[in-house]
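Listed here are the chains, written in short residue letters.
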Amino acid sequence: MDFTSAAYWAALGSIVLANIVLSGDNAVVIAMAARSLPAHQQRKAIFWGSAAAIVMRIILTLIAVEMLKWPYLKVVGALLLLYIGISLLSEDNGDDGGHKEIGGMAAAIRTILVADLVMSLDNVLAVAAAAKGNTALLIIGLAVSIPLIIFGSTLLLKVMDRFPIIITLGAALLGFLAGEMLLTDPAVVARFGEPSHAAINAAGAVGAAIVVATGLWMQRRARERSQEKSRDKSPA
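Residues numbered from 1 in each chain as written. Predicted model: local features only at pLDDT ≥ 70, side-chain atom pairs only at ≥ 80, totals over all residues. Heavy atoms only, no water.

**Thoughts on the packing of helix H4 (residues 73-90) against helix H7 (residues 165-183)**
Helix packing geometry: the angle between the two helix axes and the distance between the axes.
Okay, so step 1: Where H4 meets H7, the axes come as close as 8 Å, and the angle between the chain directions of the two elements is 165°. With respect to each other, H4 and H7 are oriented roughly antiparallel. Between H4 and H7 lies a crossing of left-handed hand. Note on element contacts: H7 touches H4 through Ile167, Thr168, Ala171, Leu174, Gly175, Leu177, Ala178, Met181 and Leu182, opposite Lys74, Val75, Gly77, Ala78, Leu81, Leu82, Ile84, Gly85, Leu88 and Leu89.
Okay, so step 2: Grouping the amino acids of the contact of H4 with H7 by side-chain chemistry returns 14 nonpolar, four polar and one charged. (Axes fitted to C-alpha atoms, helices over the stretch in contact; angles between N-to-C directions. Helix = DSSP H or I, 4+ residues; strand = E, 2+ residues; numbered from the N terminus. Parallel < 35°, antiparallel > 145°, perpendicular 65-115°, else oblique. Left-handed = near helix turned anticlockwise from the far one by under 90°. Contact = heavy atoms within 4.5 Å. Nonpolar A, V, L, I, M, F, W, Y, C, P; charged D, E, K, R; others polar.)

Shown next as structure tokens:
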């Protein structure tokens, strides 16, 4: 495909557009993972997490068609998403110094990579279809998408600071995606048959409820322990 042709630029535009539309949930995870970091590390975590996730997504796109046929892959992915959603919602925002900051940034980037890997299993198929077998076009299209995803994550981070309820909604989204993935795994479909849209939505709702309920409970327990420690340390 000649890069001067209209077909080339149409395909490139399709890749960028598909990646932006399908990366809304990824932007939520990136923003949630970076929110507990010190301000000077948030941009670094968003940039390196997004860039590494895009590189990983390029590799994943090339092999996704075969990977999606593997039984129990989505089951594992669903369990990972549940864990990530609960962890992000229950996460303590305290800061105990420089050592915690370094570990926090590494943990944030790791969370971004794992979540992007899990959530991209289905999404990359649309991007691969838009590329029409042109690997160079695929790489260019995903690379162009990096600053757009970073912008979306940065904007979400600011909105989360102003409206904390979005953090809970973001965690619920991860739980919903986990429920959907679990029910559409090839092994589950082979055993129970193709699920209906209603069943998929119900599984997503259950996943969202599990994440929010568990995350908020862990959050409350952490606050109670913190208050108990403060009382123990206070002079009699």
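Don't stop here, the text continues.
**A closer look at the packing of aromatic side chains**
Okay, so step 1: Enumeration over the complete set of coordinates arrives at one aromatic pair.
Okay, so step 2: Ring plane angle 80° and centroid distance 5.0 Å describe the contact between Phe47 and Trp48, whose orientation is recorded as edge-to-face. (Phe/Tyr/Trp six-rings, centres within 6.5 Å; stacked < 30°, edge-to-face > 60°.)

**So, empty space enclosed by the protein**
Okay, so step 1: Under the counting rule described, the total for this entry stands at one cavity of 30 Å³ or more.
Okay, so step 2: The calculated volume of the largest cavity comes to roughly 30 Å³.
Okay, so step 3: Lining of the largest cavity is provided by Ile30, Ser50, Ala53, Ile54, Arg57, Asp116 and Ile149.
Okay, so step 4: Per-element accounting of the lining of the largest cavity gives the leading share, four residues, to helix H3 (residues 39-67). (1 Å grid on protein atoms, 1.4 Å probe; cavity = no way out; pocket = protein on both sides within 12 Å on 5 of 7 lines; lining within 4 Å. Points joined across faces, edges and corners; volume = space filled by probe spheres on them.)

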